[in-house]
Each structure stands twice: as C-alpha cells, then as structure tokens.
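Each chain, letter by letter, is given below.
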Amino acid sequence: TIPVCVNTVQAPLPSASRCYRLGEAIGRAIESWDTEERVVVIGTGGLSHQLDGTRAGFINMDFDRKFMASLVDDPKWATQYSPLDLVELAGTQGVEVLMWLVARGALTGKGRELHSNYHIPISNTASAVMLLENRG
C-alpha cells in the first residue's frame, strides 16, 4: 500500500489537470513494473458537498453524475476546471474530486465501469462508489 496524499485543504490547491497527470505518471510506473501481479488503485474523497458556511448542506447532484460519467467516457473533462471552479461547482469540500482524478489518471487505457452507485442519504453529503477496470 502506497498512499498518495493530495492537498484539498490549503492554498495553493493543485489543478485538476495536474492531479490527472500525477495519476497518469503513477499508471505508467505501474505498467512498467515487470510482474504479472494485478494492482489495485483506490481513490477516496467526496464528491460535491459543503459542511459549513452559507452553503452548508450544498450538493450538486448534476455535477456529481456528470463527473462520475466522465471518469468512464471522457476522463479529462474535469481537468478544464480550476480549483476555484471546482469549489464553486462542488462545494468547499467537494474539491476532493481531485483525488478521484489521480486514481482515474492511473488507468492507462479506457476505463470500463464494472459498478457505480450514487446515493444521497439523509445528511449533507452524497455518497458514491465506482469500480473501474483498465481496458487497453
């Protein structure tokens, strides 16, 4: 297990493009490893949510669903957004989507969705899980 931590708390935040490129570098390193073993890359972090302030309880379900679909169909879609854009679209803590981009960038081929679930429980955060498989 090798944790990769991405700053989503304090300025300056990394760009979505930079996070995706970090994932691509990790993917190339994994591909270059001379082994038949399989590797699992796990990304964590929230989608849209804001826990405090005037937008406390904010969830942008449309953005979340588009973001999740883009991880399969157009993984670079979200790299167009600056960190401030992501805060506006996804909430203060929603900038954690940057970690999802690192994980997706590590897939060196076209990602195939094996499972996806998006749910908004009775709280001020949504919950999502995705399982993608690397397809050359």
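You'll find the structure just up there.
Residues numbered from 1 in each chain as written. Predicted model: local features only at pLDDT ≥ 70, side-chain atom pairs only at ≥ 80, totals over all residues. Heavy atoms only, no water.

Asker: Quick one: what's the story with the packing of aromatic side chains, residue by residue and with numbers?
Answerer: Applying the stated rule across the entire model yields 5 aromatic pairs. Ring geometry for Phe67 and Trp100: centres 6.2 Å apart, planes at 70°, overall edge-to-face. Here Phe67 is found in helix H2 (residues 61-73), whereas its partner Trp100 is found in helix H4 (residues 97-105), with 33 residues between them in sequence. Taken individually, Phe67 and Trp100 each receive the classification buried, so the pair is uniform in this respect. Ring geometry for Trp77 against Tyr81: centres 5.4 Å apart, planes inclined by 80°, an arrangement best described as edge-to-face. A cation sits over an aromatic face here: Arg55 above Phe58, 4.1 Å from the ring centre. The ring of Trp77 has Lys66 sitting right over it, with the charged end atom 5.1 Å from the ring centre. (Phe/Tyr/Trp six-rings, centres within 6.5 Å; stacked < 30°, edge-to-face > 60°. Helix = DSSP H or I, 4+ residues; strand = E, 2+ residues; numbered from the N terminus. Buried < 20%, exposed > 50% of the residue type's maximum accessible area, 1.4 Å probe, protein only. Lys NZ or Arg CZ within 6 Å of the ring centre and 35° of its normal.)

Asker: Could you give an account of the nonpolar core, with specific residues and numbers?
Answerer: Formed by 25 residues in total, the largest nonpolar core has its most connected members in Leu47, Phe63, Phe67, Leu86, Leu98 and Leu101. Those elements that place two or more of their residues in this core are helix H1 (16-32), H2, helix H3 (83-90) and H4. Counting residues per element, this core draws most heavily on H4, at 6 residues. Discounting residues that sit within four places of it in the chain, Leu98 has contacts with Val6, Asn7, Thr8, Pro14, Ser15, Ala16, Cys19 and Leu86. (Core = buried A, V, L, I, M, F, W, Y, C linked by side-chain atoms within 4.5 Å. Contact = heavy atoms within 4.5 Å.)

Asker: Could you give an account of the environment of Gly109, naming the residues involved and the relevant values?
Answerer: Mapped onto the elements, Gly109 comes out in the loop between H4 and strand S1 (110-119). With relative accessibility at 17%, the residue Gly109 sits in the buried group. Once the C-alpha coordinates of Gly109 and Arg135 are considered, the two residues, 26 residues apart in sequence, prove to be 5.0 Å apart.

By themselves these figures say nothing about function.
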